[in-house]
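# Reading the structure
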Amino acid sequence: MTSSQGTALDHFWAVIPAGGAGTRLWPLSRRASPKFLHDLTGSGRTLVQGTVDRLVPLVADRVLVVTGRAHRDAVLAQLPGLSPADVVAEPSARDSMAAIGLAAALLERRDPDAVMGSFAADHVIGDVETFRAVVSEAARVARDGWLVTVGIAPTHPATGFGYIRLGDAIEGSARRVTEFVEKPPRDVATGYVAEGMLWNAGMFVCRPSVMLDLLAESDPGFAAALRGVAAEPATLEEVWPQLPRIAVDHAVAEPAAALGRVAVVPGAFGWDDVGDFASLLGILDAGDAVTVLGDPGLVRNVDSSGLVVPAGGRTVAVVGLDDVVVVDTGDAVLVTTRERAQDVKRIVAALDEDGHGELT
């Protein structure tokens, strides 16, 4: 891992939660090989590698990845610049509050002057320089005790993202957050965009103690348990299964916003959470009739359009289909349309239910 130490922000740490199975990207993404371990952009770098790449100029070597035990070795192999101590293995999935909270508790002890930024391992950022400028501003605001989120300037009335309602100005471009709103129906989302609300990308920047103290206000036992594990790492196995399954948004961000303690820095840098194959096609689309992720020599197309992923090493031929999605991984083949891409998760659920979990 390389960086110019002179440009990194003092005591700024990147926390990277690397979890989730990415069921809407099945069969490419699976429990044993989730989407953050894949190169989904054709850049030659996996999503987790790309996440670290864009943060290194801000944090130098101050990176902490929290991932599932089953993925720890793969993460270390893909990120050889990290020490084993910087890749924390969760014994089981407990949602984002436990993962980010544990990182906060570890950093609270490791660096009393730390400011941490939490950035998911599986997001794609278009304008990296603008992203870094926005995160740098968020870090400055966070030093004053705010829980800061990065709000994404919406490009359309998306129904798959939560939204952030803005309040008064704080400093620079930072505004107070008055409310986090859950994923809306399209007509409501259209109104949100017209109102100037931002997408909630789940990026949070704060002092570790701010994160944990806010959690302690609503669940003191949860915060104490996380701090206890940081103090005595050997207790992780015993304590972890008892921790609540809750997202950081619900556990900390929403209650703190209601108390006027959350700030947002807006960002227009091109962001996508690669939630399904329709989203992936939007990222990759080079204007060709058929966009190929992988070896284009394996794809034959006649009068078709859409996305083809020939990950099984076999030739894939598509004839006379519009907006099609074809994914071949050798042991499974998916055929759907861009419009129905969100429904892929139903196949994963059905495979699990009828005893074919080895495919998911």
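Everything that follows concerns the structure shown earlier in this document.
Quick look at the structure, then. These numbers come from a predicted model, not from an experiment.

## Considerations on the overall build of the protein chain
The number of helices and strands found in the protein chain is 11 helices and 17 strands. In terms of C-alpha radius of gyration, the protein chain reaches 21 Å, essentially the compact-globule figure of 21 Å for 360 residues. Seen along its three principal axes, the alpha-carbon backbone of the protein chain occupies a region of about 60 × 50 × 45 Å. For the protein chain, the residues scored as buried account for 50% of the 360 residues in total. Summarising the internal contacts of the protein chain: among those between residues at least 6 apart in sequence, 66% fall at separations of at least 24. Surface exposure of the protein chain reaches about 15300 Å², of which carbon and sulfur atoms provide 51%.

## A few points about the nonpolar core
By size, the foremost hydrophobic cluster in this structure holds 50 residues, and its most contacted members are Phe12, Val65, Val148, Met203, Val205, Phe269 and Trp271. The biggest single contributor to this core is helix 4 (residues 128–142), with seven residues. When residues no more than four places from it in sequence are discounted, the contact partners of Val205 are Phe12, Val115, Met116, Gly117, Phe119, Ala138, Ala139, Ala142, Trp146, Leu147 and Val148. Val88, Val210, Leu243 and Ala257 belong to the second largest nonpolar core, which has 45 residues in total.

## A short note on helix 9 (residues 248–258)
Those residues of helix 9 lying buried are Val248, Asp249, Ala251, Val252, Ala253, Ala256 and Ala257. Here the buried face of helix 9 lies against helix 3 (95–110), strand 6 (147–152), strand 8 (175–181), strand 9 (198–206), helix 6 (208–218) and strand 10 (262–267). Trailing helix 9 by a residue or two, Gly260 shows a phi angle of about 75°, which is positive.

## A short note on the pattern of salt bridges
Opposite charge on two side chains allows them to pair when their charged atoms are near. Summed over all chains, the structure comprises 15 salt bridges. The closest approach of N and O atoms between Arg31 and Asp352, which form a salt bridge, is 2.6 Å. Here Arg31, found in the loop between strand 1 (12–18) and helix 1 (47–59), pairs with Asp352, found in helix 11 (residues 344–353); they are 321 residues apart in sequence, far enough to count as distant. A salt bridge links Lys35 to Asp122, with the shortest nitrogen-to-oxygen separation between them at 3.6 Å. You can see Lys35 sitting in the loop between strand 1 and helix 1 and its partner Asp122 sitting in the loop between strand 4 (115–118) and strand 5 (124–125), a full 87 residues away along the chain. This pair shows no difference in class: Lys35 is buried, exactly as Asp122 is.

Procedures and definitions
- Residues numbered from 1 in each chain as written.
- Predicted model: local features only at pLDDT ≥ 70, side-chain atom pairs only at ≥ 80, totals over all residues.
- Heavy atoms only, no water.
- Helix = DSSP H or I, 4+ residues; strand = E, 2+ residues; numbered from the N terminus.
- Rg over C-alpha atoms; globule rule 2.2 N^0.38 Å.
- Buried < 20%, exposed > 50% of the residue type's maximum accessible area, 1.4 Å probe, protein only.
- Contact = heavy atoms within 4.5 Å.
- Areas by Shrake-Rupley, 256 points an atom, 1.4 Å probe, with all protein chains shown as cover.
- Core = buried A, V, L, I, M, F, W, Y, C linked by side-chain atoms within 4.5 Å.
- Salt bridge = Lys/Arg side-chain N within 4 Å of Asp/Glu carboxyl O.

As far as function goes, none of this settles anything; it's purely spatial.
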